[in-house]
Amino acid sequence: MLAVETCQIHWICTTTSRKTTIQFFQVNTLPPLIKRYPTSSFPCVCGVFLSGQFVKGSPEPPKGNAVVLHELMENLPCNAFGNKQCTNKCLDSIVKYLPNSPALVCGSIDRDCYKERAYLFIKNCSDTWVNTNMSAGREYCCKEGISYKCPLIQ
């Protein structure tokens, strides 16, 4: 039986002229668990990228910086189960920000966007982004760092 870790989340926000970068750092307050699966020294990292930053279905990584970057600082198994754990932990961490996501997204990017979707990417055991194909299910429209309601018809 595995023990449960208790964690605290720390935020670091930096703001430049039009861009706010928000990073989440999770600091474990208990000693690391002993894993039954092989792990690596590269922890689970969550990144939210807009659809304009990558080509859907392409193995190429997204371009530019993540809209939201969340470093869990937790090593997970280096297999499909570990990737699923990483994805679920990322979803648990970012779902509470969905109601305010238009302001968060528009304040975090350094360009305008029109009808772009936010997708969750993860890194687990390697410094390579993996597209989870999970999207917030809404479109974002931003002009000069401000969110506006996307028109229904182009």
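Here's what I pulled together on the structure shown here. (Residues numbered from 1 in each chain as written. Predicted model: local features only at pLDDT ≥ 70, side-chain atom pairs only at ≥ 80, totals over all residues. Heavy atoms only, no water.)

## Quick notes on the pairing of strand β6 (residues 130–143)
Point 1. Looking at chain direction, strand β5 (residues 113–123) and β6 are connected through seven bridges and run antiparallel. Along β6, the bridge assignment pairs Leu 120 with Met 134.
Point 2. Taken together, β5 and the strand that follows it, β6, pair antiparallel across an intervening segment of six residues, in which Cys 125 is found at a positive phi of about 75°. (Pairing = 2+ DSSP bridges. Helix = DSSP H or I, 4+ residues; strand = E, 2+ residues; numbered from the N terminus.)

## As for the nonpolar core
Point 1. With 20 residues, the main nonpolar core has Leu 50 and Cys 90 as its most contacted residues.
Point 2. For this core, the secondary-structure elements that each account for two or more residues are β3 (45–50), α1 (80–94), α2 (101–108), β5 and β6.
Point 3. Of the residues forming this core, the biggest block, four residues, is contributed by β5.
Point 4. Leaving out residues up to four positions away in the same chain, Leu 50 has contacts with Val 67, Val 105, Ile 109, Arg 111, Cys 113, Glu 116, Arg 117, Ala 118 and Tyr 140.
Point 5. Membership of the second largest hydrophobic core comes to eight residues, among which are Phe 54, Leu 69, Tyr 119 and Trp 129. (Core = buried A, V, L, I, M, F, W, Y, C linked by side-chain atoms within 4.5 Å. Buried < 20%, exposed > 50% of the residue type's maximum accessible area, 1.4 Å probe, protein only. Contact = heavy atoms within 4.5 Å.)

## Concerning the state of the cysteines
Point 1. A full pass over the atoms with the stated rule returns five disulfides.
Point 2. Across the disulfide, Cys 44 is cross-linked to Cys 86 (sulfur-sulfur distance 2.0 Å). Note on the Cys 44 and Cys 86 pair: the S-S dihedral is about 85°, so by sign convention the disulfide is right-handed. You can see Cys 44 sitting in the loop between β2 (20–28) and β3 and its partner Cys 86 sitting in helix α1, a full 42 residues away along the chain.
Point 3. With a sulfur-sulfur separation of 1.8 Å, Cys 46 is cross-linked through a disulfide to Cys 90. Disulfide Cys 46-Cys 90: the torsion about the S-S bond is -85°, which places it as left-handed. On the criterion of sequence distance, the pair formed by Cys 46 in strand β3 and Cys 90 in helix α1 is long-range, its members being 44 residues apart. For the pair Cys 46 and Cys 90, one class covers both residues: buried.
Point 4. Sequence-ordered numbering of the bonded cysteines in the protein chain gives a disulfide pattern of 1-4, 2-5, 3-7, 6-9, 8-10. (Disulfide = S-S within 2.5 Å.)

## Notes on the environment of Arg 138
Point 1. Inspection of the secondary structure puts Arg 138 in strand β6.
Point 2. With 12 residues separating them in the primary sequence, Arg 138 and Cys 150 have C-alpha atoms 9.7 Å apart.
Point 3. Not counting residues within four places of it along the chain, the set of residues in contact with Arg 138 comprises Ser 101, Pro 102, Glu 116 and Arg 117.

## As for the packing of aromatic side chains
Point 1. Evaluation of the coordinates by the stated rule reveals four aromatic pairs.
Point 2. Taken together, a centroid distance of 5.3 Å and an interplanar angle of 85° make the contact between Phe 54 and Tyr 119 edge-to-face. On the criterion of sequence distance, the pair formed by Phe 54 in the loop between β3 and β4 (68–71) and Tyr 119 in strand β5 is long-range, its members being 65 residues apart.
Point 3. The class of Tyr 119 is buried, set by a relative accessible area of 9%.
Point 4. Between the aromatic rings of Phe 54 and Phe 121, the centroid separation amounts to 5.1 Å while the plane-to-plane angle is 75°, which identifies the pairing as edge-to-face. Residue Phe 54 is found in the loop between β3 and β4, and its partner Phe 121 is found in strand β5; the two are separated by 67 residues along the sequence.
Point 5. The class of Phe 54 is buried, set by a relative accessible area of 12%.
Point 6. By relative accessible area, Phe 121 is classed as buried at 3%.
Point 7. What links up through ring pairs into an aromatic cluster is the set Phe 49, Phe 54, Tyr 119, Phe 121 and Trp 129.
Point 8. When the ring centre of Tyr 140 is taken as origin, the NZ or CZ atom of Arg 138, which lies over that ring, is 4.7 Å away. (Phe/Tyr/Trp six-rings, centres within 6.5 Å; stacked < 30°, edge-to-face > 60°. Lys NZ or Arg CZ within 6 Å of the ring centre and 35° of its normal.)

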